[in-house]
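# Working through the structure, step by step
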Amino acid sequence: MTTTVDNAPFDYDALARTEPATDPFRWALVRGMLPGALGTRLAEEFPTEGFTLTERATGTGGKGYSTRNLKLVERSEPVPAALESLTPRWRGVIDALLSPRYRAAVAALSGRDLTGCTVEARAVRYGAGSWIDPHTDRADKAVTQTWYFNSGWLPEWGGALCILAGPSGDEVVRQVRPDLGESVVLVPSDASWHSVAAVTDEARQERQTLLVHFVRPEAAG
Ligand SMILES: O=C(O)CCC(=O)C(=O)O
Ligand SMILES: [Fe+2]
């Protein structure tokens with residue numbers, strides 16, 4: 001069944017159809033969650049304003065990263081300033097992310113009890129030189145889901161989400177390019193190592209990502 005764009009932007013069946021991998025940790029490549037032309041429209045309307053650069057150099061304690069972020073949802077509340085700048089379709093996505101149906105579908109796929117977890121969501125733009133070092137998302141996240149909004153992304157532009165066998169980053173189990181229609185569910189644990197390869201200088205687009213976390217109640221503060 002395909003859901004209609006206006007009422008429910010997600011095809012929740014895409015989550016239900018997906019078989020998660022369990023090696024080297026529990027994760028899933030989800031396809032087709034944004035039905036019909038919705039994904040294309042969301043890509044065209046991906047936010048451009050209000051992003052804040054966050055960075056930390058590699059080797060200064062903890063993971064290194066450099067990304068530009070726009071907070072969309074904090075502690076299960078849409079961020080008013082961001083909401084104002086979003087198109088109606090993107091506001092529909094925010095509603096869906098906060099819906100019990102989405103939560104139930106992610107709980108089923110991940111095997112995690114998400115009762116009491118809060119939702120955090122942000123749009124992330126990765127320009128040339130942006131990356132995230134290997135990390136697990138472990139500290140406070142029950143489940144992470146990412147969606148990608150690029151079309152015609154070339155492999156030589158870097159920017160792949162790398163599913164890793166360990167912290168060194170040497171053993172890449174799977175690379176996911178940021179192509180429209182691709183989405184990844186990660187279930188954080190001691191083993192859930194992943195990274196984002198640096199976007200290269202050749203890239204003709206910024207890597208556009210929607211990042212959602214279910215945050216454990218004890219960590220939400
Ligand atoms: O952008 C991505 O593909 C993943 C980002 C990520 O792993 C993170 O922000 O923790
Ligand atoms: Fe992560």
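Scoring rules and cut-offs
Residues numbered from 1 in each chain as written. Chains lettered and ligands numbered in written order. Predicted model: local features only at pLDDT ≥ 70, side-chain atom pairs only at ≥ 80, totals over all residues. Heavy atoms only, no water. UniProt positions renumbered as here; feature names shortened; annotations may be inferred. Helix = DSSP H or I, 4+ residues; strand = E, 2+ residues; numbered from the N terminus. Rg over C-alpha atoms; globule rule 2.2 N^0.38 Å. Contact = heavy atoms within 4.5 Å. Areas by Shrake-Rupley, 256 points an atom, 1.4 Å probe, with all protein chains shown as cover. Lys, Arg positive; Asp, Glu negative; His and termini not counted. Charge placed at Lys NZ, Arg CZ, Asp CG, Glu CD. Near = heavy atom within 4 Å. Polar contact = N/O pair within 3.5 Å; in protein donor to acceptor, adjacent residues only side chain to side chain. Nonpolar A, V, L, I, M, F, W, Y, C, P; charged D, E, K, R; others polar. pLDDT = per-residue confidence, 0-100. Donors = N, O, S within 2.8 Å, 3.2 Å for Na, K, Ca; no water. Buried < 20%, exposed > 50% of the residue type's maximum accessible area, 1.4 Å probe, protein only.

The name given to the protein in an unreviewed UniProt entry is Rps23 Pro-64 3,4-dihydroxylase Tpa1-like proline 4-hydroxylase, with Streptomyces capillispiralis as the source organism. Turning to the protein, the UniProt annotation filed under Cofactor (unreviewed entry) states: "L-ascorbate".

## A few points about the overall build of the protein
Across its full length, the protein carries six helices and twelve strands. For 221 residues, the compact-globule estimate of 2.2 N^0.38 gives 17 Å, and the protein sits close to it at 16 Å. Dimensions of the protein, computed from C-alpha atoms along their principal axes, come out at roughly 45 × 35 × 35 Å. Within the protein, contacts between residues at least 6 apart in sequence are counted, and of these 78% link residues at least 24 apart. As displayed, the protein has an accessible area near 10100 Å², and 49% of this comes from carbon and sulfur atoms. Distance from the positive charge centre (23 side chains) to the negative charge centre (28 side chains) of the protein: 2 Å.

## A short note on the site of ligand 1
Every residue close to ligand 1 is listed here: R122, Y126, I132, H135, D137, Y148, L161, H194, V196, R207, T209 and L211. Contacts to ligand 1 include Y126, whose side-chain N or O atom sits 2.6 Å from an oxygen atom. If ligand 1 stood free it would expose 300 Å²; the protein chains cover 97% of that surface. Breaking the shell around ligand 1 down by element, the ones donating at least two residues are β5 (118-126), β6 (131-135), β11 (194-196) and β12 (207-215). Element by element, the count of residues in the shell around ligand 1 is highest for β12, at three residues. Here the residues of the shell around ligand 1 sort into six nonpolar, three polar and three charged.

## Comments concerning the UniProt feature "domain: Fe2OG dioxygenase" (unreviewed entry) in the protein
When the UniProt feature table is mapped onto this chain, "domain: Fe2OG dioxygenase" (unreviewed entry) is found at residues 117-217. In the segment residues 117-217, helix accounts for 1% and strand for 48%; the C-alpha atoms at its two ends are 5 Å apart.

## What to know about the confidence of the model for the protein
Per-residue pLDDT for the protein has a mean of 91; in total, 93% of the residues score no lower than 70. This stretch, residues 1-6, has a pLDDT under 50; its non-local contacts, to residues over four places away or in other chains, come to twelve contacts.

## Structural notes on the coordination of the iron ion (ligand 2)
Binding of the iron ion (ligand 2) to the protein goes through H135 (NE2), D137 (OD) and H194 (NE2), at separations of 2.1 to 2.2 Å. Along the chain, the residues donating to the iron ion (ligand 2) fall in the pattern H-x1-D-x56-H. Here H194 lies in strand β11 and H135 lies in strand β6, a separation of 59 residues in the sequence. Overall, the relative accessible area of 4% leaves H194 in the buried class.

## Here we look at unusual backbone geometry
Here the residue pair D23 and P24 is connected by a cis peptide bond, since its omega of 5 degrees sits within 30 degrees of zero. One can find P24 in the loop between α1 (12-17) and β1 (27-31). Notably, S76 is not glycine yet its phi reads approximately 65 degrees, a positive angle. The topology assignment puts S76 in the loop between β3 (65-74) and β4 (77-78). Using a relative accessible area of 24% as the deciding quantity, one classes S76 as partly exposed.

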